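Structural features, examined
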Amino acid sequence: MRIATWNVNSVRSRIDRVEAFLQRQDVDVLALQETKARDDQWPTMGLQALGYEVATYGLNQWNGVAIVSRVGIEDVQQGFDGMPGYGDPVAAEARAIGATCDGVRVWSLYVPNGRAVGDPHLDYKLAWLEALRTNAAGWLADDPDRAVALTGDWNIAPLDEDVFDIAQFAKSTHVTPPERAAFQAVVDAGYADVVRPLLPGPEVYTYWDYYRQRFERNRGMRIDFVLGSPAFAARVTGARIDRDERAGTGASDHAPVIVDLSD
DNA sequence: ATGGTCGCGGTGCGA
């Protein structure tokens, strides 16, 4: 079974790339973030023609998550208990969707950006992560042997080596101690980074800003992760980042992260 | 320190 996670930065503007990616990489389950499409706007027809089912959670043109699967989608859950929103309730948030695909519980997560140090949005980000941690700990307490994957755009670079120049992030979000502590708390709850041990080299960035030719100069960040429960991590046989998907015109600013599982 | 580029929707905002 092959699982991928990808912040696609608008599924409507990139549906051709999504379909090509699924076929090129032979992906069974794809978790998407920042789909920027309401549920009624989703371009599902081509995906269905390729044999995929789609579970979406989109309420506005900014956020939105989804799970695309050709190995079944059961027990779909939009959001998690106590998932906080932000600001005007009209601008409702849709940042998490979970589903069970061939026995594996897959979550597609779009962690709030945080915007800037001192911005209330950063407090919201931390509250969101704490609610996620509480839920994720509960899922393992209920069933320690369950294969659970927390995939998505975490908007956190846990280590200094996860950004191209840590000095440039001295006053920025994504690398602050509270954000890193929030990420570590999920790890401590029993969810391991299953990608890094299999990619020991320096080519681990998953995001390159559109500005200033950041991709061409490889000035990136590692902010997209697959965290797995013990039962999930035990099945991981391979991992890679599809850098080619970030290249060329019409690319998302994130690259997909792909993980292979044994049966 | 600033500005640079995208996507959305049809203006500026969020990333």
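Quick notes on the rules
- Residues numbered from 1 in each chain as written.
- Chains lettered and ligands numbered in written order.
- Predicted model: local features only at pLDDT ≥ 70, side-chain atom pairs only at ≥ 80, totals over all residues.
- Heavy atoms only, no water.
- Near = heavy atom within 4 Å.
- Polar contact = N/O pair within 3.5 Å; in protein donor to acceptor, adjacent residues only side chain to side chain.
- Nonpolar A, V, L, I, M, F, W, Y, C, P; charged D, E, K, R; others polar.
- Helix = DSSP H or I, 4+ residues; strand = E, 2+ residues; numbered from the N terminus.
- Contact = heavy atoms within 4.5 Å.
- UniProt positions renumbered as here; feature names shortened; annotations may be inferred.
- Buried < 20%, exposed > 50% of the residue type's maximum accessible area, 1.4 Å probe, protein only.
- Salt bridge = Lys/Arg side-chain N within 4 Å of Asp/Glu carboxyl O.

**Looking at the protein's contact with DNA strand B**
- For DNA strand B, the set of nearby residues contains 13 residues, the closest of which are Ser10, Gln61, Arg115, Tyr211 and Arg212.
- Taking all atoms of DNA strand B within 4 Å of the protein, the share assigned to sugar and phosphate is 54%.
- Here a phosphate oxygen of DNA strand B sits 2.2 Å away from a polar atom, N or O, in the side chain of serine 10.
- By residue class, the composition of the surface near DNA strand B is three nonpolar, five polar and five charged.

**Notes on the side chain of aspartate 260**
- Relative to the assigned elements, aspartate 260 resides in strand 12 (residues 257-261).
- Here the side chain of aspartate 260 touches arginine 2 through a polar contact of 2.6 Å, side chain to side chain.
- When near neighbours in sequence (up to four residues on either side) are disregarded, aspartate 260 contacts Met1, Arg2, Arg235, Val236, Thr237, Gly238 and Arg240.

**With respect to the UniProt feature "site: Important for catalytic activity" (unreviewed entry) in chain A**
- Mapped onto the present numbering, the UniProt feature "site: Important for catalytic activity" (unreviewed entry) falls on Asp224.
- Considering the arrangement of structural elements, one finds aspartate 224 in strand 10 (residues 224-228).
- Classification of aspartate 224 as buried rests on a relative accessible area of 2%.
- With residues near it in sequence (within four places) discarded, aspartate 224 still touches Asn7, Gly152, Asp153, Thr206, Tyr207, His254 and Val257.

**Focus: the pattern of salt bridges**
- Going through the model one piece at a time under the given rule, you end up with 16 salt bridges.
- Across the pair arginine 70 and aspartate 26 runs a salt bridge, and its minimum N-O distance is 2.6 Å. Here the residue arginine 70 occupies a position in the loop between strand 4 (65-69) and strand 5 (74-78), and aspartate 26 occupies one in the loop between helix 1 (15-25) and strand 2 (29-33), the gap between them amounting to 44 residues.
- The partner of arginine 180 in a salt bridge is aspartate 160, with the nearest N and O atoms 2.9 Å apart.

**Looking at the environment of valine 54**
- Position of valine 54 among the secondary structure elements: in strand 3 (residues 53-57).
- Judged by relative accessible area, valine 54 falls into the partly exposed class, the value being 22%.
- The spacing of valine 54 and isoleucine 73 is 19 residues in sequence and 7.9 Å in space, taken between C-alpha atoms.
- In contact with valine 54, not counting residues within four places along its chain, are Trp42, Thr44, Leu47, Ile67, Val68 and Ile73.

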